[in-house]
Each structure stands twice: as C-alpha cells, then as structure tokens.
Amino acid sequence: AMSIYRRPRRAPQRRELHELPKGLQLMYSEANGYVDDDTDNGKNLTVKPAEHLEPKFKALKGNGGLSSGKDEEKLLLQTSSLNYGGYQAGETSQMPPTLFPGSLASYVLVFQMDEEWHDASLYPRKDPDSKKKVEISYGKQNMQPLVDKLRSSDMIVREMYSSEQLDGEGNMPYMFAFVSIGEKRQMTVAEVMGEHNLIRVRMRKMDDIGNEIKNGGAWTSFVQHLAPYFEKSSEGTLFSSAQQQQIMEFMMHDTDERAMGPQLLQKESCEAGNNVLQQLVWDQRIVAYFPLHHAAKRKWLKQHWADSFFTRQPIEDIREYFGEEIALFFVWFGYLCTMLWIPAFMGLWVLSMQGIALESSGSVDNPYNPLYAIFIAVWAIMFAGGFKRLTLVYQHEWDTVDFEPVKPDRRDFVQCPNTYKTLNTINKKEEYYPDPLLRILWLVASTVVCTIMVIVNMVLVLMVKVVMNMLIQLLGLPHVGILFGAIVQGLLIYGLRQVGAIVFRFLNDKENWKDHNQYARAFYSKMFAFGFINSYFALFFFSFISNDFTFFGLLTLDVSCPDNDCINYVGLMTVVIFIEGCILHYLPSIIPFVTKCFTKEPVEPPPMEVYDEDSACTCTKCVPRLLNDDEKAAEEAFALNSFASELTKEKDKNEKEKGALGQQLLTLDDFYFSNIMELGYLLLFGATCPLLPMLLLIFNMLELRSAAGEFLFSFQRARYVCAKDIGFWEIVIDILVVMAILTQTSYCAFISNGLYYYFPYMTQVDKTFYAVIIEHVLLFFKILYDGATAHVPGDVSLAYKVRNHELKISLDHFDTKDDDNVKFYTDEEGFPYYGN
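Residues numbered from 1 in each chain as written. Predicted model: local features only at pLDDT ≥ 70, side-chain atom pairs only at ≥ 80, totals over all residues. Heavy atoms only, no water.

## Quick notes on the overall build of the protein chain
For the protein chain, the helix and strand inventory stands at 23 helices and 14 strands. Here the protein chain holds 836 residues, and the buried ones make up 50% of them. Look at the contacts in the protein chain between residues 6 or more apart in sequence, and 71% of them connect residues 24 or more apart. When the accessible area of the protein chain is evaluated, it comes to approximately 40600 Å², of which 59% is carbon and sulfur surface. (Helix = DSSP H or I, 4+ residues; strand = E, 2+ residues; numbered from the N terminus. Buried < 20%, exposed > 50% of the residue type's maximum accessible area, 1.4 Å probe, protein only. Contact = heavy atoms within 4.5 Å. Areas by Shrake-Rupley, 256 points an atom, 1.4 Å probe, with all protein chains shown as cover.)

This is the structure:
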C-alpha cells in the first residue's frame, strides 16, 4: 500500500557503486548496512555490517539469534534507517531523544463544552420505565463525529479539557483535541504533497570519511522509498514540526483525495473562500484551531536566539521552525544591525568634532559634516545593494530561486457582492473579478483622502512651529522651545499614523483586492506615502524651509529658526522625535513589564486541575487531575493572538474577537513597516544628528531579540510560509535610498557650511552646483553598485550547481531498481526497502 504514490520510474543509466563520489558511496553503504573493504576499488561490495551496527550484529549472532545468511541480511535491512542525526562528527544533537507524544507535532482544535457534557452519554436512550430526565449533550454530539473522522484517517487524537483558571466565571470550559500524525502516515501524505511542491527535504551528504555534513545536501521533493537518504530535521525527526503541521493541514483541508484525509466537511458545503477548518469555525462547530509550539525546540530557540544578544542568529533553525518568510525578515533585521556598527562609530567621532566646534565657534558646523553626509548616502546604497546580494545567496542556499507563491483569492473578495464570476476560456475554470468602475472610484477616493490627510499634517506642523517660536520668544530659551515642539510633534506623528491606519484599512477594504499580496501592497503603499510626509515633513520643514517661508507670497509667518541658524537645533529635534517614536512604539510592551516590577508578586496559585473521564471513578462526574505540559501550552496558546501571514480582518458570524477568524492580526508587514520608518530617520537626517545611528543600533538590537521572544511566546505559532525575498519592501528601501541621496546632498548645499572649509571663496551658487554634482555622482554609483550586486557570488553559484549535480547522480542511482525479482518491504520503523 505504501508504494501506491511512488512517482513514475525514471530510466537513466544506473551507475555502479564504485563510480559514485566517495561521500555518496559511504552514504549508500551506511544507509543499507554495508561497507566497502576497498580491496578492489569498490567493485565488489563486502556484505557485512557497517561499524556502527556491528555491536548489535555480533550480539544477535552470538546469542543464536541469526541462524542463516538470510537472517543476517534481514538484520542489515532492518537497521538501514539509522544515521548520524544530521550533524558533523563531534557535535551533539539539539533535541534529546523524545518519546511519544513529544516526538510528534500537534495541531489543536478547540471545542466548546456545555453543562451536560460530563453527565450525558454520547447516544442517550430513554428507559420507558424510568422517570429520570435523559441528559443530552449537543456539544459532545457535535465533537465526537469530527474526532472519529480524524481517527479514521489514521490521525492520532488526544482529548484534554481546559482548567478552571481558563474557564473563568460564567464561561463554559473547552475541550482541546490534540491532533498528531504517525511517521508512516507522514511519509505517505508527504509524497503526495511533494507532487504539488508543497513540501521539500534535503538529501543527506557525507564527507570522504563518513561524517554527515549538516545542511549540505540539495533540496528535492519527498519520495517515500528514498526516506533513508534524506537528512533529518534538527528536532530528530525526518519531518520538522512545521512540516508535520503542514501535512496535517493538507489532510484536514482535503487538498488531494490521494492523501485520504478525514473529510471533516464536504468541499461543496464550504462557503466561497473558506477552507474546511474556516468553515467549521464559521458554522460554530469548533471555536478555534492553531498549530502548537514544539516545546523542546522552542526552549532551544529561546536559549540560543531570543535570550542571546551576542551570538549569531540560528537562521537555519528559524527557517526550519517558522519558514523562509519569517527567516528572511530576521536575516534582514540582523543584516541591518550588523551594518549599523559602521555609521554608529563614525557618528560618535563626528559628534565629538561637533562638540569641539560648538565650544570654539558657537556652532556645531565643522569640516566633517558634509563628509559624513556623503558617507551616509554611500552607506545607504551599499546597505540596499548588499542585502539584495544576500537575498540571492539564501535563494540558492534554500533553493527558492524559481519559487512562485500560490495566491489564493481572499475570502472577503470572493464573498463581496461587488465581485463577479467569469469563465476562463483557457483553463475552463470560473474566476472572480471585481467591479472595475467601483475599483476606479474607490482608488480616486483613496487618493483624495490621502491628499487631504497630507494637507492636514502640514497645517499641524505649521501650527506647532508657530507655537514653538512664540514659546521661545516668551521664555528666551531656544532649546526649551525646541524640546517642547519636538515632543508635541512626536505625539502628532504617532496619533496621525494610528488614524491613517484605520482610514486606509477602510479604503483598502472598499477597493476589493483579489489576493492577500495585492491587498497588502495597496495598504502599505498608502501607509508609506502618508507616513513619509507624516514622519519626516516636520524635520524637512525645520531644516530647509522655515527660514524663508511665505504662504504663496500672501502671508508671512514667523517660523524661522532661532538666529536663523537651524543646524544647531535640527539635531536636537531629530533625536527627540526619534526617541519618542521608539518609546511610543514599544509602549504596549513596556507597560506590563513596568507594572510587574512595581507590583507585589501574587501568591502562586494552586496547580491547575481538569477533569479526566478516563479515571477509575465510578461516579457520574470525573475526578480532577493536574494539567500536563501539552495542556498548559494549549491553554496559553488559546489565550494568545494569532500571527497572520496575510493582512486581513475576518470575523465569524457572532463577531467574536478570538481564534482563527478573530481580531485584526499582526502581520510580518507590520514589523517591516515600523522598522523601515525608523531606518528612514537615519537615511534622511543622519548627518544632522550623528548620534542617531548609535541610538538606532541600540533600539534595533533590543527589538531583534524582543521580536524573537514575541514570535516564540507572545503569539500562537506562526504557520509555515515559504518566500524567495522580502517582496514589496525592497522597493520601499530603494525609494528611501534615493531620497537619502537627495537629502544628504541638500544638507551639504543649504544647511551646512562645511564645504567652505575646503573651498573658502565659493558662493552659494557654487556650493549648490557642487552639491548637485555630488548628487549625480552618488546616483551613478548606485546604478553601478546595484548592477554589480545583482549577480550571485561565484562560490555560491558553484556550490548550488554541485549540490544539484550530486542530487541528479543520487536519484539516478538510488531511484533506479532492477525490475527482476524485486519485492517491496516495510521495516518496523516504517521505512520501505527493496529485497529479493
């Protein structure tokens, strides 16, 4: 039965064992329990156990357990699945050996219990001679058929009940169904998923002395009979916990009939845009569903990632646990922190030069200011181009060069009354499309609203600047007035950003975008366009416009800098707005921490108890017992918010703000947006405040580990999502780099007088002319650098080709069997093998 889904047999010329590379010879021999004595260059394979199997082999043979050569061969074949655990010799495995159920990942379905749950039987029958009322539990009658279907599809289901602490007053308890899948079943379904390119595994790779090279093999679709030749995950299992949860979702959604899933619902009964689990929540048959964290792996990631500030990020482990999309975010974040060290220390040196200049001349202007401005522009170019090159490296390392994501239609789009159907004449399938007239009208409305909000923002900036100047004239203390204005401006920036998010989300919903990628691009395009003005216009105005501002020549306002010298004050305003924005951004996380520090530790509550129906109690109600680790993890995850891979807001019919279809979920794009807007302060105004790079570095180092902790403990486990790059955000970073070139050269021309130290006889026109030349040189350098970094490094390309060549050789040898006298067997561990 396990060979049903084996992919079609290929017919290449099979290589002899001695013709393979030495590493492949050792891998093949070790996986099949044979070794080569090298007496005749490997042409004759000595049928004897490999070194790591010899103790067991001798023990059985000495005890009379092996009576013939057939028995010896059987032992060798039964031990063929042993390997070195995916690590180099001398390294220890991350995960200690685990027993069921810890060795399997879990997917949780949450059911609502009712008052009759414990007293009622599943199928009650009324005794005609009894007057006792028959208890009927509709909650249990709803739950049991779903659980039975899961078990009938060879899935493992463990039923556990919530504790009194979770139930609260007036709330009915919940039943958690922990769904897992055995290793044999995993391999059967994974082969079907491999045909859809939904799951990939690495081939094992060994060096010339027989040690397995961690993460050294090529990626390929899973094929069941080649399981011994695939590298195990760092969790000690063939499939990682994320892949196991992918397999379970594939089965429960009945994506392919060959997977023989549980068929919890008929696909025809699902409303348009809903999958099976979403429809169950929509029909109120389950409360929520979510993948559960792998306890041992999460503990390892906490120790070596979230709590470790001075070590490299375990990117490969992050990819394995969360997927390529989240791993690429932390690659970008870590790369940013690494690159920030250079401008941070350079900025401290320039800051010291500004201090010396301020003491000697009363101004922070000095000969190094324009040089530092040009340096910031060059750094921005190299940062953007370097990350593009790093993305290419990871694309070849993770074999996502040709990856194209599946883009299903949004549920809100499909169910919208302004969405229509049409028949695709090419593939003969029905497709959805929006009303084109309404789309255009709402796009125009979005443009008008965005323009109005930009004008409102500019008016507020002018009002703050007028009030700030009045305060400076009243007090006679310029720095106090600047500090007050910067604090007010920071609050306005934060408040208008929150208002903009609400308004633009409403407009985005009305525009009725087809898939999640289009929806996210449209939303964050609006947010970035407005956020650019909202976050940076006050500093632009203060730096370049305030001294010569007139309202179309009709109205003149006193918004000039003190003594018409902006360079001494714009740095203070920049750093105050930046620090205030960071504090307001982290405020939701800071408040619970501060509250905990200044409040008395509560008394430790008694151990949580739940009811156990499997106890030996003879009464009608169950006896209480303590929660185990899985139940605690499930209750903690159920109380947390989900982490959405798509930007969407979906609610069930009762408008419940919990579960898979609940509240507005935090997405990865939210992390990108907030961090890129903070980076913009450095790229645009780094020369005005040389301390800014060091502050950004400190905040980002804290944010990096804080974000790691949030992914591990503050959200439900994120679902596995593959990606080849950071998508839309590469364009946003390129826009900021171009604006950085324009801003830094404008700083040299209009704010700083540092160029006069090099050319003392130049006029203002000459200075502007030189700044324009520098700008064009920097833009030309950006074009050249982007072209130079658009190619894959030679060593990465060569390693990628070598891995794929070794994969082809391996598949040609291992995937080709003689058709004569071959029988198909399955050993005790579930691995198929061939024999005579």
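## Quick word on the side chain of Glu 235
Position of Glu 235 relative to the elements: it lies in the loop between strand E5 (219-221) and helix H7 (241-252). For the buried Glu 235, no salt bridge is present, and the opposite-charge side chain at shortest range is Arg 717, 4.9 Å distant. Here the side chain of Glu 235 touches Ser 241 through a polar contact of 2.8 Å, landing on its backbone nitrogen. (Lys, Arg positive; Asp, Glu negative; His and termini not counted. Salt bridge = Lys/Arg side-chain N within 4 Å of Asp/Glu carboxyl O. Polar contact = N/O pair within 3.5 Å; in protein donor to acceptor, adjacent residues only side chain to side chain.)

## Here's the deal with the pattern of salt bridges
Per the stated rule, a full pass over the model turns up 21 salt bridges. Linking Asp 786 and Lys 782 is a salt bridge whose minimum nitrogen-to-oxygen distance equals 2.7 Å. Remark: Lys 782 and Asp 786 occur in helix H22 (residues 764-788); sequence separation between them is four residues, near one turn of the helix. A relative accessible area of 11% places Lys 782 in the buried class. Each member of the salt-bridge network shares a partner with another, and the members are Arg 200, Arg 202, Glu 316, Arg 319, Glu 324, Glu 397 and Arg 803.

## Details of helix H15 (residues 478-511)
For H15, spanning 34 residues, the distance from its first C-alpha to its last is 47 Å, which sits close to the expected 50 Å at 1.5 Å a residue. Looking one or two residues past H15, Asn 512 carries a phi angle of roughly 60°, positive in sign. (Expected span 1.5 Å × (residues − 1).)

## Thoughts on the nonpolar core
Within the largest apolar cluster, 101 residues are counted, with the highest numbers of intra-cluster contacts made by Phe 322, Phe 330, Trp 332, Trp 379, Phe 383, Leu 679 and Trp 729. The element contributing the most residues to this core is helix H11 (residues 324-361), with 15 residues. Core analysis: the second largest hydrophobic core is formed by 51 residues, Met 203, Leu 238, Leu 265 and Cys 270 among them. (Core = buried A, V, L, I, M, F, W, Y, C linked by side-chain atoms within 4.5 Å.)

## Quick notes on the sheet that holds strand E6 (residues 288-291)
Reading across from one edge, E2-E3-E1-E6 is the order of the four strands in this open sheet, with antiparallel pairing throughout. One side of each edge strand has no neighbouring strand; the edge strands of this open sheet are strand E2 (155-161) and E6. Strand-to-strand twist of the sheet, defined as the mean angle between neighbouring strand axes without regard to direction, takes the value 20°. Where strand E1 (residues 107-112) meets strand E3 (residues 174-181), six bridges bridge the pair, whose relative direction is antiparallel. Each bridged residue has a counterpart across the sheet, and for Tyr 107 the counterpart in E3 is Val 179. Packed onto the sheet, H7 meets E1, E2, E3 and E6 and runs at close to 105° relative to E3. (Pairing = 2+ DSSP bridges. Axes fitted to C-alpha atoms, helices over the stretch in contact; angles between N-to-C directions.)

## Some remarks on the packing of helix H19 (residues 668-685) against helix H21 (residues 728-751)
At a minimum axis distance of 9 Å, the contact between H19 and H21 shows a crossing angle of 15°. Looking at the two axes, H19 sits roughly parallel to H21. With respect to the hand of their crossing, H19 and H21 are arranged in right-handed fashion. Along the contact surface, H19 presents Asp 669, Tyr 672, Phe 673, Ile 676, Gly 680, Leu 682, Leu 683, Leu 684 and Phe 685, while H21 presents Trp 729, Val 732, Ile 733, Leu 736, Met 739, Ala 740, Thr 743 and Gln 744. Residues that form the contact of H19 with H21 fall into these classes: 13 nonpolar, three polar and one charged. (Parallel < 35°, antiparallel > 145°, perpendicular 65-115°, else oblique. Left-handed = near helix turned anticlockwise from the far one by under 90°. Nonpolar A, V, L, I, M, F, W, Y, C, P; charged D, E, K, R; others polar.)

## Quick word on the packing of aromatic side chains
All told, the structure shown has 44 aromatic pairs when counted by the stated rule. Both rings, one in Phe 322 and one in Phe 711, keep their centres 5.9 Å apart while their planes meet at 65°; by these two values the pair is edge-to-face. Taken together, the positions of Phe 322 in helix H10 (residues 315-322) and Phe 711 in helix H20 (residues 692-714) put the pair 389 residues apart, joining distant regions of the chain. Residue classification places Phe 322 among the buried positions, given a relative accessible area of 1%. The exposure class assigned to Phe 711 is buried, which follows from its relative accessible area of 1%. Seen from their ring centres, Phe 578 and Phe 699 are 5.9 Å apart, and the 75° between their planes marks the pair as edge-to-face. Taken together, the positions of Phe 578 in helix H17 (residues 567-597) and Phe 699 in helix H20 put the pair 121 residues apart, joining distant regions of the chain. You'll find Phe 578 and Phe 699 in the same group, each marked buried. The positively charged end of Arg 200 is found above the aromatic ring belonging to Trp 219, 4.7 Å away from the centroid. (Phe/Tyr/Trp six-rings, centres within 6.5 Å; stacked < 30°, edge-to-face > 60°. Lys NZ or Arg CZ within 6 Å of the ring centre and 35° of its normal.)

## Observations concerning unusual backbone geometry
Even without being a glycine, Met 260 presents a positive backbone phi close to 50°. Along the chain, Met 260 turns up in the loop between H7 and helix H8 (276-282). The phi angle at Asn 512 is positive, at roughly 60°, despite the residue not being glycine.

## Looking at the confidence of the model for the protein chain
Across the protein chain, pLDDT averages 78, with 73% of residues at or above 70. Considering each helix and strand of the protein chain separately, the mean pLDDT is smallest for strand E10 (residues 623-626), with a value of 41, and largest for helix H12 (residues 368-397), with 95. Across residues 34-92, confidence stays below pLDDT 50; counting only partners more than four residues off in sequence or on other chains, it has 94 contacts. The model gives residues 817-823 a pLDDT under 50, and that stretch makes twelve contacts with residues more than four places away or in other chains. (pLDDT = per-residue confidence, 0-100.)

## Observations concerning the packing of H11 against H19
Close contact between H11 and H19 brings their axes to 11 Å; oriented N to C, the two are set at 15°. With respect to each other, H11 and H19 are oriented roughly parallel. Between H11 and H19 lies a crossing of left-handed hand. Each of Glu 325, Ile 326, Leu 328, Phe 329, Trp 332, Phe 333, Leu 336 and Leu 340 in H11 lies in contact with H19, whose residues at this interface are Leu 668, Phe 671, Tyr 672, Asn 675, Ile 676, Leu 679 and Leu 682.

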